[in-house]
Amino acid sequence: MQNFELYNPVNYVFGKGQIEKLKNLVPENTKILIAYGGGSIFKNGVYDQVKAALSKSFKANHIVEFGGIEPNPRYETLMKAVAVIREEKIGFILAVGGGSVIDGVKFISAAVHYEGDAADILRKRILFKDVSQVIPFGTVLTLPATGSEMNSGAVVTIEATQEKLTLGGSALFPVFSIVDPTVITSLPKRQLQNGVIDAFTHVMEQYLTYPHDAMLQDRIAEGILQTLIEIGPDVVENPSDYKLASNFVWSATMALNGLIQKGVPSDWATHMIGHELTALYEIDHARTLAIIGPNLYRVMFDTKKEKLAQYGKRVWNLTGDSTEAIAEEAIEKTVAFFHTMGMKTKISENTDNYENTADFIVNRFEERGWKAMGEKQNITPEKVREIVEMSY
Ligand code: NZQ
Ligand code: ZN
């Protein structure tokens, strides 16, 4: 097992009716900004629950609101919130929404005190390690998928240049996250499907590499995958079933709260390529992963086949003596599961005019110096081209 440090300071508050606890979690005598997305929180009652909880300890003039953070949050929109925070002297931000709102708030939190061009936070991948550099924030999660409620990473799109870039650092963990599984009942089926597949792929990025001796990490990863396979098809049909909802939400958090990546190699190239498909064509994040993931496993088969075979045996209960045959069948099982979950696994099924996609992505990665991705640093621009072209 590789050496590691495990640091995760998030106060994770889980369960029915927990939004009420906001009154004890948000710091007193501080002006707060409630940040949200396109308005789903007004329709499903989450906004009312948040306001009711806060009204017990806050005067109305201590709460400012900022709405309109888009799915795949835009730098340009977030900078407007940064101006509000500076103007209003906000001391704490409450993100109420899915991964996009939470990620947006992480960027806002980092940008307020940043001197210089805030786009450099994304372009130069500045790491935020000192909590005095950022505005503290908490979250009320409304969409299980990204794990953003319990990690310190975020993804933001610069609209002007169609760049989807990451930021992060240990100062960007939420102070707390309230995760009430009943909030998923108002999610459209498409978003529920996305949530399952995003969480599934997060595990795959940290698990589907090569055999190593971190036994517990493998077993936890396989447990999350099996749970998502077991509940995924049902939870999209019955999101008000609390057993399904609670297991889904917790699986999505566990998939990307840092635990399973400790002491093991990881890949993340499916995400790096997928982000480009969202930047170019606005394909939902999870749907880009369902397109790219299986083709990446095919192109990188020699690197991944032993782990693919382990995954096939332990997660899909495949049997046989041939590593190659089980590994290949495991990829087909994965694609079939993605189809069951409503994913369309070709770029051409998600957008028109995609012929130059591979050229565009390869050029962009070369400009950024991303010439050696994956757990063995052997996903070269040529491999990226092969993966993308196989995905047409
Ligand atoms: O904006 P509103 O009106 O709130 O509607 C949202 C949005 O349209 C809606 N929604 C959310 N909760 C709802 C709801 N509708 C009804 N009922 C509810 N309870 O769902 C739509 C999608 O929301 P969004 O936040 O965009 O989805 P998701 O949570 O999948 O986040 C996707 C973003 O997270 C990034 C992605 O790249 C993408 O930008 N990721 C962040 C990661 C991280 N921070 O660790 C890791 C991931 O790999 C991912 O890259
Ligand atoms: Zn993801």
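Residues numbered from 1 in each chain as written. Chains lettered and ligands numbered in written order. Predicted model: local features only at pLDDT ≥ 70, side-chain atom pairs only at ≥ 80, totals over all residues. Heavy atoms only, no water.

Per an unreviewed UniProt entry, the chain carries the name Iron-containing alcohol dehydrogenase and comes from Flavobacterium profundi. Here the chain is described in UniProt, under the heading Sequence similarities (unreviewed entry), as follows: "Belongs to the iron-containing alcohol dehydrogenase family." (UniProt positions renumbered as here; feature names shortened; annotations may be inferred.)

## Quick notes on the overall build of the chain
A count of helical and extended segments in the chain gives 15 helices and 8 strands. Over its C-alpha atoms the chain spans a radius of gyration of 21 Å, differing by no more than 12% from the 21 Å that the globule rule assigns to 392 residues. Taken along its principal axes, the extent of the C-alpha atoms in the chain is 65 × 45 × 45 Å. A buried classification covers 59% of the 392 residues belonging to the chain. When contacts within the chain are restricted to residue pairs at least 6 apart in sequence, long-range pairs at least 24 apart make up 77% of them. Here the chain has roughly 16,200 Å² of accessible surface; of this, 48% comes from carbon and sulfur atoms. Charged side chains in the chain number 39 positive and 48 negative. The centres of these two groups are separated by 4 Å. (Helix = DSSP H or I, 4+ residues; strand = E, 2+ residues; numbered from the N terminus. Rg over C-alpha atoms; globule rule 2.2 N^0.38 Å. Buried < 20%, exposed > 50% of the residue type's maximum accessible area, 1.4 Å probe, protein only. Contact = heavy atoms within 4.5 Å. Areas by Shrake-Rupley, 256 points an atom, 1.4 Å probe, with all protein chains shown as cover. Lys, Arg positive; Asp, Glu negative; His and termini not counted. Charge placed at Lys NZ, Arg CZ, Asp CG, Glu CD.)

## Focus on the environment of Arg287
Positionally, Arg287 belongs in helix α11 (residues 285-299). Expressed as a C-alpha distance, the spacing of Arg287 and Leu277, which sit 10 residues apart in the sequence, is 9.4 Å. Apart from residues no more than four positions distant in its own chain, Arg287 is found in contact with Arg190, Gln193, Asn194, Gly342, Met343 and Asn350.

## A word on the coordination of the zinc ion (ligand 2)
Coordination of the zinc ion (ligand 2) by the protein involves Asp198 (OD), His202 (NE2), His271 (NE2) and His285 (NE2), with metal-donor separations of 2.0 to 2.1 Å. Each donor residue of the zinc ion (ligand 2) belongs to the same chain, and together they define the spacing D-x3-H-x68-H-x13-H. Highlighted residues: His202 in helix α7 (residues 189-207) and His285 in helix α11, separated in sequence by 83 residues. Its relative accessible area of 2% is what places His202 among the buried residues. (Donors = N, O, S within 2.8 Å, 3.2 Å for Na, K, Ca; no water.)

## Some words on the packing of helix α10 (residues 269-281) against helix α14 (residues 357-368)
The N-to-C vectors of α10 and α14 enclose an angle of 120 degrees; their axes lie 11 Å apart at closest approach. In terms of their interaxial angle, α10 and α14 are classed as oblique. Here α10 runs over α14; the crossing is right-handed. On the side of α10, the interface is formed by Met272, Ile273, Glu276, Leu277, Ala279, Leu280 and Tyr281, while α14 contributes Thr357, Phe360, Ile361, Arg364, Phe365 and Arg368. (Axes fitted to C-alpha atoms, helices over the stretch in contact; angles between N-to-C directions. Parallel < 35°, antiparallel > 145°, perpendicular 65-115°, else oblique. Left-handed = near helix turned anticlockwise from the far one by under 90°.)

## With respect to the site of ligand 1
Taken together, 33 residues sit near ligand 1, with Gly38, Ser40, Gly99, Ser100 and Lys164 positioned nearest. Note that a nitrogen atom of ligand 1 is positioned 2.8 Å from one of the side-chain N or O atoms of Thr142. For ligand 1, whose unbound accessible area comes to 960 Å², protein coverage reaches 88%. Residues belonging to the shell around ligand 1 are distributed by class as follows: 10 nonpolar, 20 polar and 3 charged. For the shell around ligand 1, the two domains that each supply at least three residues are domain 1 (11-183) and domain 2 (188-390). (Near = heavy atom within 4 Å. Polar contact = N/O pair within 3.5 Å; in protein donor to acceptor, adjacent residues only side chain to side chain. Nonpolar A, V, L, I, M, F, W, Y, C, P; charged D, E, K, R; others polar. Domains from an automatic or database assignment.)

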